Structures are given as C-alpha cells and as structure tokens.
Amino acid sequence: MIESIFKFLTTEPYWTLVRSLLYLGGICGFVAANAAYLVWVERKGAGRFQRRPGPTESGWAGLLQPPADGIKLLAKQLMAPPGSDKILFWAAPLMVIAPPLVCLAAIPFGDNVLARDLNIGLLMVFSFGSINVMALMLGGWASRNKYAIISAARVVSQNVAYEIPMLLVVITIIMVTGTMNLQEIILQQAGGFWNWNILRGIWDFSGGGWGHIGGNLLAPVTFLIFYICMLAETNRAPFDMAEAESELVAGAFTEYGGMGFGVFFMAEYANIVVGCALATILFLGGWQSGLGSGFGTLLTSWGVIGTVIGVGFFFAKMYFLIFSVVWIRWTFPRTQFYGLLNLSWKILIPISLLTLLLTSVTLKLPRLF
Amino acid sequence: MNLVTETFSGFLSLLTGLQITIKEFFSPIITTQYPHQTLTIAKKFRGHIELKWNEETGKPNCTSCNICAKACPSDCIVLDGIKPAGEKTKTVTSYHLNYTLCSLCSLCVEACPFDAIQHSNRYNLASVPNSWADMDLVQRYKDQVTRVGKTPYDPYAPAAVPAVEPTATAPAPTAQP
C-alpha cells in the first residue's frame, strides 16, 4: 500500500508537484526555524560577549525562548495607526519576508539539494534581495510616523550606496567564473580550500601542476567588501541605521506591533541567512569540503551520505559567517550616517572598481606561467 | 595617501576590537544568576535592625529600656517588655519597627547600652506593599533562634527556659532569612 503510494508520487507527472511542495515546505520551515533560533543565538551570543549567560529560564539553556516569544507576539492585536495607508502598511511585512524565501529556492545546499537549478540564479537572488529595501521603505512611509519616514529615507540612501559595491564585486566573481549558475560556481571550486574563489583568485591551481595567476588578485578584499555590503544590505549593526533604536525608536518598525513586527524581525534573520549562504557559495566553496579532490570524489561516491556531509560543510561555513555577524554586532557601535556613506562612496566603491579593472586586465593578459 | 593609511589603520583597529570581544566570549561568566545564586553580603552592610541574643542562653540582650526608641529621630521603633518571674531584668516582649520611616542612621544601635540590636544584612526585601511598615523583630528573633537549633526564650513561661544547653556550639546566627 505505502509502496504503491510512494511509487505513484515519484512517477513523473506527480513527482514535479510533490517535489515542489516538499521544497516549499522545507524552505519555509528552514527560514522559520532559522529566524526563531538565530534570535536565540543572537541573545546567547550577546550574553556571552558581555560575560553573562543569556536566556536560561525557559527550557534547557533558554531553548524554549523563541516559541515563547512567538506565542506572545501572535497573541497580540494587529493594529494599524489611524491615518496610515492600510494596504501599504500591511503589504510591507509580506514584502519583506517573501524575497528571502524566493531566494532560497536558487541556493544549492548540497550537490543534490537544490530546489531550482537556475542558470541565472545569482541574478535572481540579487534582484529579489533588493525588494527588501523597498519593503522597509513602504513600511516606513505608510506608518504615518516621522521616525519611520526618517528611517525609510535612510534605508534607501544606505542601500543604494551599498548595492553598488556589492554588485561590482559580484561582477568580478562572474567574470572569473563565467557563469551565474550557483551550482556551477560551486562545482568550479572543487578540490582543496585553495580552490575556493577567495584564494583561487590569487593563484589558480585547478589546471594542475604549479598552476597560474588567478583572475582576481584582490579576492580576499573582494570577499571583505561583499561581507561588509551584506551587513549593510541586511541592516545589521554597525550599519543598522534603519532601526537605530537610540535615535528613531525602532525606525521603520515603530508603528508595528505583534506579529507585524515579528515578521520584520524574522525577515532580518532570513536575509542574513541568504546573505551568508551567498557569501559561502561565491567565496568559500559552498558545499565543497575543501579537503582536497580525493575527499571530494569519495563523498560523491557515498551517495546520500556524501550529500548529507556536503550539506553539513555548507551549514558549517554558513553558520560560522552568521556567528561572525553576531560577533560584529556586539563588538562595534553604530556608525554615524555620514560615516556609513563615506565608507561606501569613498572606500568600498573605488576599491571594488579597482578590483573590477584588475580582474579584467588579468583575465585578458596572456598566461605567463 | 592619507585615506589609504587611515583605511588600513582603521581596519586593523576593527580587528583588534573583534579580538577583544572573542576573548570575552570564551571567558567564564561573571554575573550572578540572582534567584538561583546570591552574593554573600558584607558584614558591614546596613540592613534593617534586628535583635541580638546571648549566644549561650538564647535570651535576647534587650531589656526593653526604650533608649533606642528615644534615640530614633524618625520614631520608627515601638517596643515593650515585662519582668519575667524570677528574673532580675526586664525582657523584650514586642519590638516593632516601621521600616518605611527608618533611614538606617544607626543611632539606635549606637545608643543601645546592652548591645541588643544590630543591623541585619538582609537586602532582598521585595514584598507586598506596606509589609515593611510593621516589622515584628521579636518574631524574627524567634525564627532565627529556632533556625540555629535552640528554643526561643519565652518571658511568659520562665520556668521552662533554663533547659537551654550551654554545650551547643551552633554557628553564629548570621543566616539569611
């Protein structure tokens, strides 16, 4: 009986539907679990960085804190302030949580764990990632609150400033890899960790032998720029000018209560997950182990277990980056707004233009070695 | 050129900051988890006053002479005592402190000629409103004596009291309530 149902579902006309539903549920669950438990990680991390234990009371080590917070937020009344634009006001939380869900459809977590193998996956992730800004701006605008409007203006200028260097460094990556397919980019980084884009840019061993000069000589700097821009794009400290609770109450979220606010909060962490996953794929080899090509072929020969180990490597790198995001938040104070824009326009954009120029020159130079 | 050097030195200072915080991250926790753990309070901490008693007999030192009540600038002490049958001195029977008026000035403790009152080191006094307005210190004395394993002195039944064993070497009654 069960076997026949399994066979029925896995045959072709139905399998596409079943697979889509599975990925849909999986991605929603992944985002929800991450949004809930990254809040816990954030609070635990904040505690440890200040040498206190963080949440301890609800559940073991405070692990039941996220469900408790969720239930509290769900139990609250949803209220739009009088005179606000109701449609835009309630559209903003939906628009802020949807893009990371869509982006995750193109993120390859393992060699077979990928919802949609798009050949323009990178482009899709970036175009949907930009909607986040729009949603924050709408939320701030529709709130009919002066702090929210100041925050909306800040969000726009900040994200315009940081989208430019981010896309410039991504262009250098695309120039070196020659593809926008995220799975393809990962497959190119097979072998040891020296084949990851962050190091391959300097010296490329993938051809065998002594290798040759890589495409992007400033690849570690490129990674750093990408990382900083990712922090700014996701409105994380020290670039959380949009929230800036010491100046703007809660910025664009001032008028949101209950789960309306909760959705913005979840979207922040979902965006961090997408950003860190992308950094892992573009620079740190995605699900590649980085332990040499022998280990890589061994993993692929193990079938499902190999895939699971690959996903484990992916998550290890991704969660390390997420931890570093928390680490940075509890280390640096919030920058001032002109400092934020100065960093982008005076430092990051010139350097990323320089890397772009350098990359195009090295790619066109005849191979010297 | 200045911009380049500034960028480099600024970046290095950021790395120093990250290094400092990660050291703190892996250092042990230094906060006290209050309801589960409590700090030991210094001896000289001035809590509300409490009755001292004779370590050997378990009798309060107080002779209800009322000097503390007269010394109190805020009039927050009301006490009374009787002379138990067969005793030479009076003994306190009720000692009420209005802690809402007390300013912890310590004048009562200094004025006492019998070394009968001291400051407790009780600091966690959160309670229902106005329960501080009438603190029964005789009851507190009885509870403390019972806790160290002795029979509280009952001035109304003096015949039963001399059964206090002088051999008991109970620890100093500084236990928190």
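Residues numbered from 1 in each chain as written. Chains lettered and ligands numbered in written order. Predicted model: local features only at pLDDT ≥ 70, side-chain atom pairs only at ≥ 80, totals over all residues.

S.K.: What is the right way to look at the overall build of chain A in this model?
M.R.: Each helix and strand in chain A was counted, giving 15 helices and two strands. Against the compact-globule benchmark of 21 Å for 369 residues, chain A has a radius of gyration of 22 Å, which places it among compact chains. For chain A, the spread of C-alpha atoms along the three principal axes comes to 70 × 65 × 45 Å. In chain A, buried positions account for 42% of the 369 residues. Looking at chain A alone, contacts between residues at least 24 apart form 75% of all its contacts between residues at least 6 apart. (Helix = DSSP H or I, 4+ residues; strand = E, 2+ residues; numbered from the N terminus. Rg over C-alpha atoms; globule rule 2.2 N^0.38 Å. Buried ≥ 20, exposed ≤ 12 C-beta atoms within 10 Å, placed from the backbone. Contact = placed C-beta atoms within 7 Å.)

S.K.: Is there a simple way to explain the overall build of chain B in this structure?
M.R.: For chain B, the helix and strand inventory stands at four helices and five strands. Starting at the N terminus, the α and β elements of chain B follow one another as α-β-α-β-β-α-β-β-α. Sequence-distant contacts, at least 24 apart, represent 68% of the contacts inside chain B between residues at least 6 apart.

S.K.: How should I be thinking about the pairing of strand β3 (residues 91-97) of chain B in this particular structure?
M.R.: The side chains of a regular strand alternate, residue by residue, between the two faces of the sheet. Residue and element names in this part refer to chain B. Two elements, strand β2 (residues 77-82) and β3, share six bridges in a ladder whose sense is antiparallel. Paired with D80 across the two strands is S94, which belongs to β3. Bridge count between β3 and strand β5 (residues 135-136): two bridges; the pairing is antiparallel. When the sheet's bridge partners are listed, H96 is paired in β5 with D136. (Pairing = 2+ DSSP bridges.)

S.K.: Whenever I open this one, the interface of chain A and chain B confuses me. Can you help?
M.R.: Listed by partner, the interface residues are twelve residues for chain A and 13 residues for chain B. When contributions to the side of chain A that touches chain B are tallied by element, the ones reaching two or more residues are α2 (12-49) and α15 (337-364) of chain A. Tallied by class, residues from the side of chain A that touches chain B come to six nonpolar, two polar and four charged. (Nonpolar A, V, L, I, M, F, W, Y, C, P; charged D, E, K, R; others polar.)

S.K.: Could you clarify how one ought to interpret the environment of T91 of chain B in this entry?
M.R.: By the secondary structure assignment, T91 of chain B is in strand β3. Dropping the residues within four chain positions of it, T91 of chain B is found in contact with K59, P60, T63, S64, G81, I82, P84 and P155 of chain B.

S.K.: Is there a simple way to explain the environment of A69 of chain B in this structure?
M.R.: All names here are of chain B. Of note, A69 is situated in helix α2 (residues 67-71). Judged by the 16 C-beta atoms lying within 10 Å of it, A69 falls in the partly exposed class. Beyond its immediate sequence surroundings of up to four residues, A69 is in contact with I77, V78 and L79.

S.K.: Would you explain the domain arrangement of chain A in this entry?
M.R.: Size of an interface: often given as the accessible area lost when the parts come together. Residue and element names in this part refer to chain A. For chain A, the assigned domains read domain 1 (1-75) and domain 2 (85-364). Each of domain 1 and domain 2 has a C-alpha centre, and these two points are 21 Å apart. With 16 residues of domain 1 in contact, the opposing surface of domain 2 contributes 16 residues. For the side of domain 1 that touches domain 2, the elements supplying multiple residues, two or more each, are α2 and α3 (65-74). Considering each element in turn, the side of domain 1 that touches domain 2 owes the most residues, 14 residues, to α2. For the side of domain 1 that touches domain 2, the residue count by class is 13 nonpolar, two polar and one charged. (Domains from an automatic or database assignment.)

S.K.: Please explain helix α6 (residues 131-142) of chain A as it appears in this structure.
M.R.: Helical geometry note: an α-helix holds 3.6 residues per turn, so side chains three or four residues apart project in the same direction. Residues and elements named next belong to chain A. Here α6 is twelve residues long and its end C-alpha atoms lie 16 Å apart, about the 16 Å a rise of 1.5 Å per residue gives. Within α6, ten of the twelve residues are buried, leaving the element largely enclosed by the surrounding structure. Among the residues of α6, those classed as buried are N132, V133, A135, L136, M137, L138, G139, G140, W141 and A142. Looking at the buried positions of α6, the neighbouring elements they touch are α4 (86-104), α5 (121-129), α7 (146-177) and α12 (258-283). Directly after α6, the chain includes R144, whose backbone phi takes a positive value near 55 degrees. (Expected span 1.5 Å × (residues − 1).)

S.K.: Is there a simple way to think about the packing of α2 of chain A against α4 of chain A in this case?
M.R.: Angle between the axes and distance between the axes are the two parameters that describe a pair of packed helices. Residue and element names in this part refer to chain A. One way to put it is that α2 packs onto α4 with a least axis distance of 10 Å and a crossing angle of 125 degrees. By the angle between their directions, the pair α2 and α4 is classed as oblique. As for how α2 packs across α4, the hand of that crossing is right-handed. On α4, the residues that touch I27, C28, F30 and V31 of α2 are P100, L101 and L104. Considered class by class, the residues forming the contact of α2 with α4 number seven nonpolar, no polar and no charged. (Axes fitted to C-alpha atoms, helices over the stretch in contact; angles between N-to-C directions. Parallel < 35°, antiparallel > 145°, perpendicular 65-115°, else oblique. Left-handed = near helix turned anticlockwise from the far one by under 90°.)

S.K.: Would you take a moment to explain the sheet that holds β5 of chain B for this structure?
M.R.: Note on sheets: strands pair through backbone hydrogen bonds, and any given pair is parallel or antiparallel. All names here are of chain B. Strand order across the open sheet formed by three strands is β2-β3-β5, with antiparallel pairing between neighbours. Single-partner strands in this sheet number two, and they are β2 and β5. In the packing of helix α4 (residues 137-147) onto the sheet, contacts are made with β3 and β5, and the angle to β3 comes to roughly 115 degrees.

S.K.: Would you explain the packing of helix α10 (residues 219-233) of chain A against α15 of chain A in this entry?
M.R.: Residue and element names in this part refer to chain A. α15 packs onto α10 with a crossing angle of 140 degrees between their chain directions and a minimal axis gap of 10 Å. Classed by the angle they form, the pair α10 and α15 counts as oblique. Here α10 runs over α15; the crossing is left-handed. In this structure, α10 uses V221, T222, I225, I228 and C229 to contact α15, whose residues at the interface are L348, I351, S352 and T355. Its residues placed into classes, the contact of α10 with α15 shows six nonpolar, three polar and no charged.

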